[in-house]
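Topology and contacts: notes
Now for the letters of each chain:
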Amino acid sequence: MPVIPEIDSFTDDLIAIRRDFHEHPELGMEEVRTSGIVASLLKQWGIEVHTGIGKTGVVGVLNGNGPGRTIGLRADMDALPIEEKTNLPFASKTPGVMHACGHDAHTTMLLGAARYLASSKNFNGKAVFIFQPAEEGLGGARAMLADALFDKFPCDEIYGMHNKPNGQPGKVGVRPGQAMAGADFFDIRIKASGSHAARPQESIDPIVIGTNLVQQLQTIVSRNVSPTEPIVLSITQIHAGAAYNVIPSDCTISGTMRFFDTDVANIVRQRIRDLCKGIATGYGADIEFDNQEIFSVLVNDESLSQVLVEIAADVVGKEQADLLEELSTGSEDFADMLQVIPGAYCTVGHEGTLPLHNDGFFLDESILPVGASIYARLIEQRTSV
Ligand code: NI
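So, about the overall build of the protein chain. Of the regular secondary structure elements, the protein chain holds eleven helices and 16 strands. Taking 385 residues into account, the globule formula puts the C-alpha radius of gyration at 21 Å, and the protein chain, at 23 Å, falls close to it. Taken along its principal axes, the extent of the C-alpha atoms in the protein chain is 80 × 45 × 40 Å. Residue burial in the protein chain is summarised as follows: out of 385 residues, 55% are buried. Excluding contacts between residues fewer than 6 apart, the proportion of contacts in the protein chain whose partners are at least 24 apart in sequence is 81%. Only carbon and sulfur atoms are counted for the fraction: they give 50% of the accessible area of the protein chain, which is about 16,000 Å². Of the side chains in the protein chain, 29 bear a positive and 50 a negative charge, and the two mean positions are spaced by 2 Å.

A separate point is the domain arrangement of the protein chain. One can read the domain layout of the protein chain as domain 1 (5-177 + 297-382) and domain 2 (182-294). Averaged C-alpha coordinates put domain 1 and domain 2 at centres separated by 37 Å. On inspection of domain 1 and its partner domain 2, the count reaches zero salt bridges. Remark: the boundary between domain 1 and domain 2 carries three residue pairs in polar contact (both at pLDDT 80 or more). Residues belonging to the side of domain 1 that touches domain 2 are distributed by class as follows: two nonpolar, five polar and one charged.

Attention now moves to the sheet that holds strand E6 (residues 172-173). Strand order in the open sheet formed by eight strands is E1-E2-E4-E3-E5-E16-E6-E15, and the pairing between neighbours is mixed. In this open sheet, the two edge strands, each paired with only one partner strand, are strand E1 (48-51) and strand E15 (321-322). Here strand E2 (residues 58-63) pairs with strand E4 (residues 126-132) via six bridges, running antiparallel. Across the sheet, residue Val-61 finds its bridge partner in E4, namely Val-128. Running at roughly 145° to strand E3 (residues 70-76), helix H4 (residues 103-120) makes contact with E2, E3, E4 and strand E5 (157-164) of the sheet.

Okay, the coordination of the nickel ion next. Looking at the nickel ion, the protein donor atoms are Cys-101 (SG), His-103 (NE2) and His-162 (NE2), and they sit 2.1 to 2.2 Å from it. Linear spacing of the donor residues for the nickel ion on their chain is C-x1-H-x58-H. Here His-162 lies in strand E5 and His-103 lies in helix H4, a separation of 59 residues in the sequence. By the burial criterion, His-103 is buried, and His-162 matches it.

Size it by volume and the largest pocket reaches roughly 900 Å³. As for the largest pocket, its lining consists of 38 residues, of which Cys-101, Gly-330, Ser-331, Leu-356 and His-357 are closest to the centre. The set of elements that each furnish at least two residues to the lining of the largest pocket consists of E5, strand E7 (177-180), strand E14 (298-300) and strand E16 (343-349). Size it by volume and the second largest pocket reaches roughly 170 Å³. Surrounding the second largest pocket, Phe-185, Phe-186, Asp-187, Thr-236, Gln-237, Ser-254, Gly-255, Thr-256 and Gln-292 form its lining.

The rules behind each value
Residues numbered from 1 in each chain as written. Predicted model: local features only at pLDDT ≥ 70, side-chain atom pairs only at ≥ 80, totals over all residues. Heavy atoms only, no water. Helix = DSSP H or I, 4+ residues; strand = E, 2+ residues; numbered from the N terminus. Rg over C-alpha atoms; globule rule 2.2 N^0.38 Å. Buried < 20%, exposed > 50% of the residue type's maximum accessible area, 1.4 Å probe, protein only. Contact = heavy atoms within 4.5 Å. Areas by Shrake-Rupley, 256 points an atom, 1.4 Å probe, with all protein chains shown as cover. Lys, Arg positive; Asp, Glu negative; His and termini not counted. Charge placed at Lys NZ, Arg CZ, Asp CG, Glu CD. Domains from an automatic or database assignment. Salt bridge = Lys/Arg side-chain N within 4 Å of Asp/Glu carboxyl O. Polar contact = N/O pair within 3.5 Å; in protein donor to acceptor, adjacent residues only side chain to side chain. Nonpolar A, V, L, I, M, F, W, Y, C, P; charged D, E, K, R; others polar. Pairing = 2+ DSSP bridges. Axes fitted to C-alpha atoms, helices over the stretch in contact; angles between N-to-C directions. Donors = N, O, S within 2.8 Å, 3.2 Å for Na, K, Ca; no water. 1 Å grid on protein atoms, 1.4 Å probe; cavity = no way out; pocket = protein on both sides within 12 Å on 5 of 7 lines; lining within 4 Å. Points joined across faces, edges and corners; volume = space filled by probe spheres on them.

The following block contains the structure:
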């Protein structure tokens, strides 16, 4: 069974909504325009709307025809601090901000499901549409949970999805159990002592200390963690100095760790601390390690993973939906919601091939009615089991 015909019939509207979001991207916790449009469309379709949940988050509630279960569906709304280089006619009009992860499409797909369900009402129980802010490492899911999301809107199951630019349109993948990595973001601040570059003996050089520390940090994964354990430690920023002839006093190093096992993550955190301390002592500098635990490991419920694949197969075909999604070292804060309510998260493939977060990222819009149809079928089928 393909895309739901009613949803297919308003695909042009979905494309227009998505292009509008794409043209006006907003960073995490600043999704004022986006969430305003979401709220007004939901209202227009007769759906009960709750705003300001997790700052800019929106929740829509739609009752079916009779008693049944409550199913939550979640989409993210935020864009990234990237300068768009696509040359699309609807490219970002906001300098330095771009929907390079396709959250504009995720929001649109969930709106598509809501519009169809509000008019067809072909279900019992209740649908909860969760439009989440700030997925890109800025704590949107945790903010909604802190605002008592699931106390106000208790759900029996929750589902989410992410577009995947794998050149395989309509390919749906789910990985039961551990599916996506937990992630820390960290900053290491080296406070040393600057001097004239011509008189290095008068300095404690933070650049020498910092580059040495980066090399040492790269031994943690290779020497302190079992080779069978998937873990990533990447240094992504080094900031120091502003002149040719000055040894600066400070150097800041930032990066991220990705992990699937909390005990292993704790070993890495401790080794970073130990190396900072040892190198600080060795060079006579001060080194601060400031770690933030940003993403939890995303764990899909085993049986609901199967449910999600079967329902997606109704839309994309049996041969196009499977449980073979590869383990991802990427992270996703839907993980925090899955720690509270059982559910599953899938990827939906499309024709694009440039990676997510690339400044030329291209989203194939044929994914819009596909995602909307999968969301809608989840409500129709899971509210009455
Ligand atoms: Ni994303």
